[in-house]
Amino acid sequence: MGASGSGKTSIKKVVFEKLSPYESVFNTPTNKIESFTNEQMGFVKITVTEYPGSFSPEKASPEDLKYFETCGMLIYVFDVQDHNANYSPFDDFKEKVVPQLNKYPDMQCAIFIHKSDSVNMKQGEFRKQKGEIQKRFRDILVESNSKTSPTFYGTSIYDYTLFETFSKIFQKMIYQNDQLSVLLDELSRKCTFEKAYLFDVFNKIYLAIDSSPMEAQTYEICSDMIDVVLDMSGIYGEENNNESLLKLS
């Protein structure tokens, strides 16, 4: 969910449909609820539902609201470039998201502080702005007597932050994650690996990692290598090569 133009469609297509970030400028605005089940993931099957910025809970039909009943994670996309004086993303969040969080208290919430790459300021100044944004959202939830404690992420479709963010979200939602991490710890110890990831190859999302210290550069190298493998398999692999890659991942 998110206000119109916040980048919801681009996020969905870049992560789950392999769209190049630079082609996202050709995306058309979403004017209806769109839902699809991702069949490409080898370890988990997920359904992604995108609500248009024009969505209104008061005017929505029961059919429109049914997705919240089984929703594990509600993601709200906040555009740091949005300076609409008449209707801010904070108003949008309070009107459309908070009622759903209060109605379904078991539903987790993540807030993407999106298009962070476009903020023309020093890193220290951006951290300050990010802190102010987080406070505004938390104040809204407190005022609404909501017990939800959202997780905040700085994201951009032009770097690795988006894929790392979804990796962390999936780790929260997969109940076997602790057991998988223990197995990866044992694998790293036996094979003297510097770091072990359990990747879903097609989406470049890691579903589990071992407990050793993590460096962002390591994930970037792994992600680039996955791209190389997929490109090579597309040229030299068999027709069912994508399936075998998912099994081997």
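The structure under discussion appears in the preceding block.
What comes next concerns the included structure. (Residues numbered from 1 in each chain as written. Predicted model: local features only at pLDDT ≥ 70, side-chain atom pairs only at ≥ 80, totals over all residues. Heavy atoms only, no water.)

1. Side note on the pairing of strand β7 (residues 205–209)
Phase 1: Most of β7 is tucked away, with five of its five residues classed as buried.
Phase 2: Examined bridge by bridge, strand β6 (residues 197–200) and β7 share four bridges and lie antiparallel to one another. Following the sheet pairing, leucine 198 is matched in β7 by alanine 208.
Phase 3: The antiparallel hairpin formed by β6 and β7 contains four residues in its connecting segment, where lysine 204 sits at a positive phi of about 55°. (Buried < 20%, exposed > 50% of the residue type's maximum accessible area, 1.4 Å probe, protein only. Helix = DSSP H or I, 4+ residues; strand = E, 2+ residues; numbered from the N terminus. Pairing = 2+ DSSP bridges.)

2. So, the state of the cysteines
Phase 1: Per the stated rule, a full pass over the model turns up zero disulfides.
Phase 2: Cysteine cysteine 71 remains unbridged, with the sulfur of cysteine 109 as its closest cysteine sulfur at 9.3 Å. (Disulfide = S-S within 2.5 Å.)

3. Examining the nonpolar core
Phase 1: Formed by 30 residues in total, the largest nonpolar core has its most connected members in Ile75, Phe112, Leu162, Phe166 and Phe170.
Phase 2: Taken together, the elements giving at least two residues each to this core come down to α1 (8–16), β2 (46–50), β3 (73–79), β4 (108–114), α5 (161–173), β6, β7 and α7 (216–236).
Phase 3: The leading source of residues in this core is α5, at five residues.
Phase 4: Ignoring anything within four residues of it in the chain, the contact list for phenylalanine 166 reads Ile11, Val15, Phe16, Ile75, Phe112 and Ile205.
Phase 5: In this structure, Ala3, Val80, Val97 and Met107 belong to the second largest nonpolar core, which totals 25 residues. (Core = buried A, V, L, I, M, F, W, Y, C linked by side-chain atoms within 4.5 Å. Contact = heavy atoms within 4.5 Å.)

4. Digging into the side chain of glutamate 50
Phase 1: You can see glutamate 50 is positioned in strand β2.
Phase 2: In terms of polar contacts, glutamate 50 uses its side chain to reach the side chain of threonine 9, at 2.6 Å.
Phase 3: The residues contacting glutamate 50, other than those within four sequence positions of it, are Lys8, Thr9, Lys12, Thr30, Lys32, Ile33 and Glu34. (Polar contact = N/O pair within 3.5 Å; in protein donor to acceptor, adjacent residues only side chain to side chain.)

5. What about α7?
Phase 1: Its 21 residues place the ends of α7 31 Å apart at the C-alpha level, agreeing with the 30 Å of an ideal helix rising 1.5 Å per residue.
Phase 2: Those residues of α7 lying buried are Thr218, Tyr219, Ser223, Ile226, Leu230 and Ser233. Projected down its long axis, α7 shows its buried positions confined to an angular sector of 135°, all on one face. Away from the buried face of α7 by more than 90 degrees, exposed residues Gln217, Asp231, Ile235 and Tyr236 are located. (Expected span 1.5 Å × (residues − 1). Arc of directions from axis to C-beta.)

6. So, the environment of methionine 1
Phase 1: As for its placement among the helices and strands, methionine 1 is situated in the segment before α1.
Phase 2: Among the residues examined, methionine 1 registers a relative accessible area of 12% and is labelled buried.
Phase 3: Methionine 1 sits 77 residues away from phenylalanine 78 along the chain, and the two C-alpha atoms are 9.2 Å apart.
Phase 4: The residues touching methionine 1, leaving out its near neighbours within four places in the chain, are Lys8, Tyr51, Phe55, Phe68, Leu74, Ile75, Tyr76, Val77, Lys96 and Val97.

7. Structural notes on the packing of aromatic side chains
Phase 1: Applying the stated rule across the entire model yields 22 aromatic pairs.
Phase 2: Ring geometry for tyrosine 76 against phenylalanine 137: centres 6.1 Å apart, planes inclined by 65°, an arrangement best described as edge-to-face. One end of the pair, tyrosine 76, is in strand β3; the other, phenylalanine 137, is in helix α4 (residues 123–143), with 61 residues separating them in the sequence. For the pair shown, tyrosine 76 and phenylalanine 137 are each scored as buried.
Phase 3: By way of ring pairs, the aromatic residues Tyr76, Phe78, Phe90, Phe93, Phe137 and Phe152 are connected into one cluster.
Phase 4: The residue whose ring lies beneath lysine 18 is phenylalanine 202, and the NZ or CZ to ring-centre distance is 5.4 Å.
Phase 5: Its guanidinium or amino end placed over the ring of phenylalanine 90, arginine 136 lies 4.0 Å from that ring's centre, counting from NZ or CZ. (Phe/Tyr/Trp six-rings, centres within 6.5 Å; stacked < 30°, edge-to-face > 60°. Lys NZ or Arg CZ within 6 Å of the ring centre and 35° of its normal.)

8. Re α1
Phase 1: For α1, the buried fraction is high: eight of the nine residues fall into the buried class.
Phase 2: The set of residues buried in α1 consists of Lys8, Thr9, Ser10, Ile11, Lys12, Val14, Val15 and Phe16.
Phase 3: Buried residues belonging to α1 abut β1 (34–38), β2, β3, β4, α5 and β7.
Phase 4: Remark: lysine 18 follows α1 within two positions and exhibits a positive phi of approximately 60°.

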